[in-house]
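Breakdown of the fold
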Amino acid sequence: MTVALRYLRESIAPLVPMRERTAVEASLGRALLEDVTALRNIPHYRASAVDGYALRATMTAGASPARPVRLSLETCQWVNTGGLVEPSFDAVVMVEDTSLDGSELLVSKAITVGANVRPPGDDVMRGQIIAREGDVVTPQHQALLRAAGVEGLLIRALPRTLYLPTGDEILPVSYEGPLPAGTVPETNSILLRGLFSRWGFPLTVGDIIPDDPARLRQALEKNMDAYDLLLVGAGSAKGKKDYTAEVFSSLGDLLFRWVRTRPGRPAMAARIKGKPVLCLPGFPMSSVVVAMGIVFPLLAHLQGLPAEEEKALSRALGSFGSEEGELLFAHSSPPGVEEWLRCQMIQIRGKTIVWPLPGGASSMRAMSEADGVAIIAEEKLECPKGMKILLHKSKEISLERRILFQGSNDPAVERLISPIRRLGCDMVMRSVGSVGGLAALSRGECHLAACHLIDPETQSYNDSYIVRFRGNAQWRRRQLFFRQQGLIVAKGNPKGISSVEDLARPDLSIVNRQPGAGTRVLLDYLLTEKNIAPSFVKGYDRQCITHLDAASRVAYGLADVALGIKMAAEAMDLDFLPITEEPYEIVYPEECHDHPGIVAFLEALEDQQWRAEIDKIGGYRWIC
Ligand SMILES: Nc1nc2c(c(=O)[nH]1)N[C@H]1C(S)=C(S)[C@@H](COP(=O)(O)OP(=O)(O)OC[C@H]3O[C@@H](n4cnc5c(N)ncnc54)[C@H](O)[C@@H]3O)O[C@H]1N2
Ligand code: MOO
C-alpha cells in the first residue's frame, strides 16, 4: 500500500490553485490560507460590563456602605450589561452597590474612572490579526470573525470526489420488498460517505452502473472534468464481469493493479487526463482499507499537503489514538501481504489483550464490531500468542469498565450487553463453547465464563468441569436460568423427525457444534445413551459456533436437524422438538467480583426489560 501510494503521489500532481473564498458561516473545519484581521472593534462602542447606573466616577468619591453618596437620578442613567454607556458618563456602578430612595440614588461604593466600562476594542482591535494561516476554522473562530465584521475567508479548496458503484447484482438500498437472491444492496457508498464526512471532504455518489464496460467508460468520460478524484466501486478482481482494469487502460495509464495488502488486494489506480481514478474492491472491508490506506492520504496530496504518513492512518480512523496489547491467540498472517486485522481489546489483570475478529473482507459485522485495526507487516507470518501488536483505534473505549465474556453462546446473554451499557459499562463476547470458556478463565483470559456441561457419569451439570478447571483458584458461580434444548427442524417438520434416535437415519444430516460446546457434549451424551456411534450420524463433523448459526443452516436446507435452544428455532421460524432442560451458569474469579463490569453484569441480570424480552421469546425458565 505504501508503495502504491508513493507511486500515485509521484504520478499525480497536486491540484492548483487549491484555494477558494467562502462565507465565514460555511467555513467550519476548513483550513485558512491567509491571516485574517478584524474589520471592526469588539465591542465597537463603550459597553457596560454590568447591570447598574452609568455616572461620572468623581460623583461617588468617599461613598461607603456606612456613608452612601446621594445622587439625583437625573445625573445618572440605568444601563444593562452590554448596553451603551453614553459619552457623558465615565463609569458604571453595579446595581448591588446602590439603593433607591425616592428620586435619589444612594451609592455605597466609590468607583474609579472606567470602572465596569468596556472601551471600544477592549476584546479585539480593528486591524488586529484574529485568525492565522493554517488555522482550522472552529465554531469559536466563526463567531469571533463575524463579530469582527469579517464575511469571507480564503480557504484551502477540497478535492471533489465522485464514487461510482458498479455491478449487475447491486441494488439501491431504497429497493422495496425482499431482495431477490443473488442481489446485494449498495452499501459501500454509505461507508464511503461516512468516512468522507468524518474526514471533512465532499463526496458525490453516482448511479449504480451495470457490469458493462461501455457504460463505465461513458460515466467516467462524462464526469472527468467535474471531479478531481474518481472512485469506481468493484469489478477489480478476476470475475467474468470485472471490467474496471480494461476500462481504465482504455482511457488512460493504468498506474498499478493489485496491492500487497489484505483486504484490498485487487485495488487499482489509473491516471486519466492527469487525474487519479481508483478502483475500490467490492467487499466492504476491502473498500474501507483502500479508502483509509490510499484515498485519504491521496486527498491530502491533492491539496498539496505533506505526507505525514505516521499520522495518516490514525486520522483516517477518526483520531482515537493507538494502544499496544498482547495477542490473545496465535495468528497466521498470509505471506507476501500486509494484513489489516479488525480487532477488539480488553484489559485484564493489568494486561491489555487484543484479538482479531473472525470473518473475511466481506464481513460487515466484524468491521463494525471492531475497536480498530492492527496491521501485520508483510514480512511477519506467524504471530505467536502474547505477541505485542498495536491497535489503531476507531472508537472510544473505556477499558477499565469493559469485561470479556468467553464461553457458551447464548442469545439471551448476548442481549445483556444493552442493560450493561445502560449502567455505564460494556461487555464483549467470544463464543468459544463451555469448555473453551472455562479454560480461558483458568488462564486469566476473560473476566467471565459461562457453561452448561453435562457430566455423563453423574448426569449433573458443570460441577466436575469447574472443579477440574478452577484448580486452586477461587471462582464464584451463579446459575442464570434453565433453557430448553431440543431438535431444531425445518418448519412443519417435513422429514418427520421425532427423537434423538432419528439422527442415525441415513436420509437425515445434522449440523453439529464445535468440540467443547455444551450443546455438543449434550449431543454426545444423548447419542451414547441411545447407543448411537457418531459415525452413524451424517453431518456429525460439520460444525458451527452459535445456536443461531446452526438454526440458520437448517433454515437454508444445509442440514435437516441441529441440537440447539428453542430461542434459535424461533428466531429462524423453525420447528422445535424439546428434549431436555439444562441449567446455564456463569463463573468468574473472586478477584473480578468488584470489577465495575461484573457489578454491572450482575445488576443487569435483574433488568426487567431484559427479562420481559427473554420471556417473550420463550424457551427459558428463571431460577429466581
Ligand atoms: N478468482 C479470484 N476471485 C477473487 C479474487 C481473486 O484474486 N481471484 N479476489 C477477491 C478479493 S481479495 C476481493 S476484495 C474481491 C474484489 O471483488 P471486485 O472488486 O471484483 O468486486 P465484485 O466481485 O464485483 O464484488 C465483490 C463483492 O462485493 C459486493 N459489492 C460490490 N459493490 C458493492 C457495493 N457498492 N455495496 C455493497 N456491496 C458491494 C459484491 O456484491 C460482491 O459480493 O474479489 C475476490 N474474488
Ligand atoms: O484483498 Mo481482498 O480485498 O482480501 O478481500
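Residues numbered from 1 in each chain as written. Chains lettered and ligands numbered in written order. Predicted model: local features only at pLDDT ≥ 70, side-chain atom pairs only at ≥ 80, totals over all residues.

Some words on the sheet that holds strand E8 (residues 98-101)
Across the sheet, which stays open at both edges, the three strands sit in the order E5-E9-E8 with antiparallel pairing between neighbours. Each having just a single partner strand, strand E5 (69-72) and E8 make up the two edges of the open sheet. Each strand of the sheet is rotated relative to its neighbour by a mean of 30°, with strand direction disregarded. Here E5 runs beside strand E9 (residues 104-107); their pairing, made up of four bridges, is antiparallel. Bridge pairing in E9 places Arg70 opposite Leu106. (Pairing = 2+ DSSP bridges. Helix = DSSP H or I, 4+ residues; strand = E, 2+ residues; numbered from the N terminus. Axes fitted to C-alpha atoms, helices over the stretch in contact; angles between N-to-C directions.)

A few points about the UniProt feature "domain: MoaB/Mog" (unreviewed entry) in the protein chain
The residues that UniProt annotates with the feature "domain: MoaB/Mog" (unreviewed entry) are residues 162-301. Taken end to end, residues 162-301 is 35% helix and 24% strand, and its first and last C-alpha atoms sit 17 Å apart. (UniProt positions renumbered as here; feature names shortened; annotations may be inferred.)

A look at the domain arrangement of the protein chain
Domain annotation of the protein chain identifies domain 1 (19-43 + 123-156), domain 2 (47-118), domain 3 (159-314), domain 4 (320-397) and domain 5 (421-622). Taking only C-alpha atoms, the centre of domain 3 and the centre of domain 5 are 43 Å apart. (Domains from an automatic or database assignment.)

Brief notes about helix H11 (residues 433-442)
Counting buried positions over the ten residues of H11 gives nine, a clear majority of the element. Those residues of H11 that fall on the buried side of the exposure criterion are Gly433, Ser434, Val435, Gly436, Gly437, Leu438, Ala439, Ala440 and Leu441. For H11, the secondary structure elements touched by its buried residues are strand E29 (402-407), strand E31 (448-451), helix H12 (463-470), helix H13 (518-529) and strand E36 (575-589). (Buried ≥ 20, exposed ≤ 12 C-beta atoms within 10 Å, placed from the backbone. Contact = placed C-beta atoms within 7 Å.)

Some remarks on the sheet that holds strand E21 (residues 275-280)
Spatially, six strands are ordered E16-E13-E17-E21-E20-E18 in an open sheet, and the strand pairing comes out mixed. Of all strands in the sheet, those bounded by a partner on one side alone are strand E16 (203-205) and strand E18 (253-257). The mean angle between the axes of side-by-side strands here comes to 20°, regardless of whether they run parallel or antiparallel. In this sheet, E21 lies alongside strand E17 (residues 229-233) in parallel orientation, the contact comprising four bridges. Its bridge partner being in E21, Val232 is matched across the sheet by Cys279. Sitting on the sheet, helix H1 (residues 2-11) is in contact with E18, strand E20 (268-272) and E21, with an inclination near 160° to E18.

Comments concerning the pairing of strand E1 (residues 19-23)
Look at any regular strand and the pattern is simple: side chains alternate between the two faces of the sheet. A small share of E1 lies buried, amounting to zero of its five residues. In the sheet, E1 pairs with strand E12 (residues 152-156) via five bridges, with the strands oriented antiparallel. Residue Ala23 lies in a different strand from E12, and its bridge partner there is Gly152.

What to know about the nonpolar core
Where a protein is soluble and globular, its nonpolar side chains tend to be buried together. Leu231, Ile294, Ile488, Ala551, Val561 and Ala562 are the most contacted members of the largest nonpolar core, which has 136 residues in total. If one sorts the elements of this core by residue count, helix H6 (residues 284-302) sits on top with 13 residues. Apart from residues no more than four positions distant in its own chain, Leu231 is found in contact with Thr161, Leu162, Tyr163, Leu164, Leu278, Leu280 and Val295. Residues Ala54, Val79, Val93 and Val117 belong to the second largest nonpolar core, which totals 19 residues. (Core = buried A, V, L, I, M, F, W, Y, C linked by C-beta atoms within 7 Å.)

Brief notes about unusual backbone geometry
Here Ile42 and Pro43 are connected by a cis peptide whose omega angle stands at -10°. Inspection of the secondary structure puts Pro43 in the loop between strand E2 (36-37) and strand E3 (47-48). Residue Pro263 follows Arg262 across a cis peptide bond; omega there is -5°. Of note, Pro263 is situated in the loop between strand E19 (261-262) and E20. Backbone geometry at Asn462 places phi at a positive 70°, although glycine is not the residue there. On the basis of neighbour count, Asn462 is assigned to the buried category, with 23 C-beta atoms found within 10 Å. At Asn531, a residue that is not glycine, the phi angle is positive and equals roughly 60°.

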